[in-house]
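What follows is the residue order along each chain.
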Amino acid sequence: MEEKLPFSFIFFGPPGTGKTTIAEAYASSLGAHFIKLNAVTCSKKDMEAAVEEAKLWKPTLLLMDEVHRLDKGKQDYLLPFVEDGTFVLLGMTTANPYIALSPAIRSRTRLLEVKPLTKEEVVEGLQRAIDRPDGLGGKVAFEKDALFAIAKLSGGDMRYSLNILEEAALQFGGNGPITKEQVFEIEKVPNYAMDKDAEEHYDSVSALQKSIRGCDVNAALYYLARLCSAGDLDSIKRRLLVTAYEDIGLANPQAVMRAQLAIQAAEQVGFPEAVIPLGDAVVDLCLSPHSRTGDESIGKAMAFAKDAPFYVQDYLKLTPVNVKEEDKYPYDRPDVWPRLQYLPDEYANEEFFVKDETTTSTYVRALNARYEELKKAGRSSDLRALKKRKKV
């Protein structure tokens, strides 16, 4: 600002947190010409007109609200003009720019996150609106509790809180200070219910799994409640099922099965009662012993299999060709099975099983012990020699 050097920015954050206001203040403080467009309503023709206008004014700032709504073609159209300085782009979005915007746009802009307002900040903004001549002009009074009630309802969205303030002033402004009870007559439901296509919804899904992984039952219940308020049972089911197998897994197979049954019950009863079995499952998974040995082991094998050539021992093939009888798989020798080498000779020494040495699960410790026992016994691809061993 001090050097009066305009830079392209993407302001991202929740609704009603001042993204567009910041962009307008930035443009005004620079004393620059600026053009406002909204990606939802602007056409390619509007963008072309903005480019022609920008060529007449230096510098020009293009303020693009809901910039994530621009399709790839329109985003690509902007690139050369941002690149050559025809205009400086100020984009505002509620979406995660790392997901919603093309890498080319991101590389030409600075990303600035706008956080939700705190309750105290919302109250400060409301008080300004009450006092200012272009607001309520001090003609309507609110009790402090009433302002905090509005702030709590707003969920950090200043625009939402100003709407409640204005409606409360219109309904109750002539009869003394407006109270908290009167505010709740206007609005009882907090501005927390998430759009299940919004970024915060996916953040809550991610936070739910991480909270279960970290055994924080209170946090997991909070994020589950947020997801339930959005009514997206499908996302909850998928995430709980993945979490059960990935993070609890072999440490408590019974808890994994109970989670599946809870999900089935939730499907059968639907919301609002579905929250009960889902709550049971989340508490169970959080406080259960955890083990990621299954997930880590298959991950290790997947990474290896992706790059390694495929081989299989002849005696393991479904229909082996040119293999003598004494070299064929012995279906009648269960004593041989645990000593037979199943990995190809090229990979015979590879180990994909990841032992969990930190688990509190008796079952996982038993699996570790069984693995070591089998490893110690050894394996061989000399099937003839194994067959000659005496049956045990």
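Residues numbered from 1 in each chain as written. Predicted model: local features only at pLDDT ≥ 70, side-chain atom pairs only at ≥ 80, totals over all residues. Heavy atoms only, no water.

Draft legend 1. Inspection of the sheet that holds strand E1 (residues 9-12) at higher detail. The 5 strands lie next to each other as E2-E3-E4-E1-E5, forming an open sheet whose pairing is parallel. Whereas interior strands pair on both sides, the edge strands pair on one side only; in this sheet they are strand E2 (33-38) and strand E5 (110-113). In this sheet, adjacent strand axes meet at a mean angle of 20 degrees when their direction is disregarded. Strand direction decides the pairing type here: E2 and strand E3 (residues 60-65), joined by 6 bridges, are parallel. By the bridge assignment, Lys-36 is partnered in E3 with Leu-63. With respect to the sheet, helix H1 (residues 19-30) is in contact with E1, E2, E3 and strand E4 (88-93), its orientation differing from that of E3 by roughly 175 degrees. (Pairing = 2+ DSSP bridges. Helix = DSSP H or I, 4+ residues; strand = E, 2+ residues; numbered from the N terminus. Axes fitted to C-alpha atoms, helices over the stretch in contact; angles between N-to-C directions. Contact = heavy atoms within 4.5 Å.)

Draft legend 2. Expanded view of helix H14 (residues 275-287). Between its first and last C-alpha, H14 extends 18 Å over 13 residues, near the 18 Å set by a 1.5 Å rise per residue. Those residues of H14 not exposed but buried are Pro-277, Leu-278, Gly-279, Ala-281, Val-282, Leu-285 and Cys-286. (Expected span 1.5 Å × (residues − 1). Buried < 20%, exposed > 50% of the residue type's maximum accessible area, 1.4 Å probe, protein only.)

Draft legend 3. Local environment of the packing of aromatic side chains. Under the criterion given, the structure shown has 11 aromatic pairs. Connected via pairs of aromatic rings, a cluster forms that spans Phe-304, Tyr-311, Tyr-347 and Phe-352. Just above the ring of Phe-7 sits the side chain of Arg-110; from NZ or CZ to the centre is 4.2 Å. (Phe/Tyr/Trp six-rings, centres within 6.5 Å; stacked < 30°, edge-to-face > 60°. Lys NZ or Arg CZ within 6 Å of the ring centre and 35° of its normal.)

Draft legend 4. Seen up close, the environment of Ile-178. Relative to the assigned elements, Ile-178 resides in the loop between helix H8 (158-172) and helix H9 (180-186). On the basis of relative accessibility, which here comes to 0%, the residue Ile-178 falls in the buried class. Considering only alpha carbons, one finds Ile-178 and Val-140, 38 residues apart in sequence, at a separation of 8.0 Å.

Draft legend 5. Structural detail: helix H2 (residues 44-54). Within the sequence span of H2, burial applies to Met-47, Ala-50, Val-51 and Ala-54. Each buried residue of H2 sits inside an arc of 100 degrees when the element is viewed along its axis, so together they form one side. Buried residues along H2 sit against E2, E3 and helix H3 (72-83). (Arc of directions from axis to C-beta.)

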